[in-house]
Amino acid sequence: MTGGGPETVTLRLATRGSALALWQADHVTALLEDAALDAGRSVVVEKVIVETMADQRLDIPIDAMGGKGVFVKEIQAAVLDGRADLAVHSGKDLPALTPDELVIAAVPERGDVRDVLVGSTVDGLPQGGHVATGSIRRKAQLASLRPDLVFSGLRGNIATRLEKAEGFDAIVMAAAAIERLGLSLNDRVVEILDPSVMLPQVAQGALVVECRGDDTQTLSLLSALNHLPSRQCVDAERAFLAELGGDCDLPVAAYAVLDAGELCIDALVAAPDGSTMLRDSRRCSIAHGEVTGRAMARYLLDDAGGSALLGR
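As the structure is a computational prediction, the values presented were derived from the model and not from experiment. (Residues numbered from 1 in each chain as written. Predicted model: local features only at pLDDT ≥ 70, side-chain atom pairs only at ≥ 80, totals over all residues. Heavy atoms only, no water.)

1. As for the nonpolar core
Moving on, step 1. Within the largest apolar cluster, 31 residues are counted, with the highest numbers of intra-cluster contacts made by Phe 240, Leu 244, Val 252, Leu 263, Ile 265 and Val 269.
Moving on, step 2. At the level of secondary structure, the elements contributing two or more residues to this core comprise helix H8 (228-244), strand E11 (252-259), strand E12 (262-270), strand E13 (277-285) and helix H9 (289-303).
Moving on, step 3. Considering every element that reaches this core, the biggest residue donor is H8, with six residues.
Moving on, step 4. When residues no more than four places from it in sequence are discounted, the contact partners of Leu 244 are Val 252, Val 269, Ala 297, Leu 301 and Arg 312. (Core = buried A, V, L, I, M, F, W, Y, C linked by side-chain atoms within 4.5 Å. Buried < 20%, exposed > 50% of the residue type's maximum accessible area, 1.4 Å probe, protein only. Helix = DSSP H or I, 4+ residues; strand = E, 2+ residues; numbered from the N terminus. Contact = heavy atoms within 4.5 Å.)

2. Re unusual backbone geometry
Moving on, step 1. Even without being glycine, Ala 203 reaches a positive phi, approximately 65 degrees.
Moving on, step 2. Relative to the helices and strands, Ala 203 resides in the loop between strand E9 (190-193) and strand E10 (207-212).
Moving on, step 3. Under the relative-accessibility criterion, Ala 203 is labelled buried at 0%.
Moving on, step 4. Its identity as a non-glycine residue notwithstanding, Ala 260 has a phi of 55 degrees, on the positive side.
Moving on, step 5. Here Ala 260 is to be found in the loop between E11 and E12.

3. A word on the environment of Arg 12
Moving on, step 1. Along the polypeptide, Arg 12 turns up in strand E1 (residues 7-15).
Moving on, step 2. The sequence separation of Arg 12 and Val 48 amounts to 36 residues, and the corresponding C-alpha distance is 6.3 Å.
Moving on, step 3. In this structure Arg 12 touches Glu 46, Val 48, Gly 82, Arg 83, Ala 84, Asp 85 and Leu 86, once residues within four positions along its chain are discounted.
Moving on, step 4. At 2.7 Å, the side chain of Arg 12 forms a polar contact with the backbone oxygen of Gly 82. (Polar contact = N/O pair within 3.5 Å; in protein donor to acceptor, adjacent residues only side chain to side chain.)

Right under this line is the structure:
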C-alpha cells in the first residue's frame, strides 16, 4: 500500500507462447485488472512463458504423445513448483483430472463452442476428399457423415494450420480460435459446424484458470472471474470425461447448455473410424449436472457398447 492508493498484488501467470495462448493470457489479465479495480485493488500480471514438449515436437501426433495433457502438464508444473501463481488453459486441452494440489479457480464466460471446416463445406467435399485434423473426435464424426473421406494429421499453431490448408480439400479448426485471433477467412470457404453435426470437445470454447489450492489470495482474486453458467456446463462435461477416464486421444465428445434453469447434456462415444456412433442426451437440474455427466458416461460405456469401441 503506497500513498493511500489501492493495494497492488503481483501475480505470475503461466502460459504457452503461441499467439492463441497469449491472447488467452491477456484476456484473463484484463479480466483480473477490471475485477481488482472494482474491489479497490490493483493487480500486476507477469507472464511466465512455458514451452511444452508438444510445442517443440510438431512431427508427433498428439495422441501418440499421450493426449491433451502434453499441452498443460508443464504449465501446471510451473504453478506447482512456485514459478507461477496461476495458469490459463484452453478448456478442451485440459485433462479430465486436475492434480491434487491445483484447483480450477475460474471459468470465464465461454466463447464459441463450434468447429469449423475451412476450405470446403461438408457437402462440397469431392468424393474421397482429403481432410486434415489432429483430432480423432473430429475425424470420427466427419467419417460418420462422409465415409469416403481420407484424413491426415494436422499440427502447429493456428497460422501454420491455415498455411497447410492449401494442401488439403479442407481442414478442421475451432471457431473460438479463429475469432479470438481476429483472423479473416473471407477468401476461403468456411462452414460452421453446428453441435448437432459435430459435437464439440469437452470444454471447447472455454478458458480454465488454475492455481494452487492453498493460495487463498489468488483464489480470492480469481473467484471474480468465474462465470457461473459457463462453469456449470463445463463441470458437467468434465465429469463425463473423468468417468470415461479419457482424454482427447479418444473419439468422445460432450456439450452442455443451460435451458430454462436446467442443463441439457449431449454426449458421444464413437469408433475411431466413425463406423459406430453412440449418443446419449439428458436433461437435469443444474445441481445434478456432474452426477448426470458421470451417469451418461457409464451408460455409454456399460450399456451402449462403448467399452468395446474404445478397446476396453
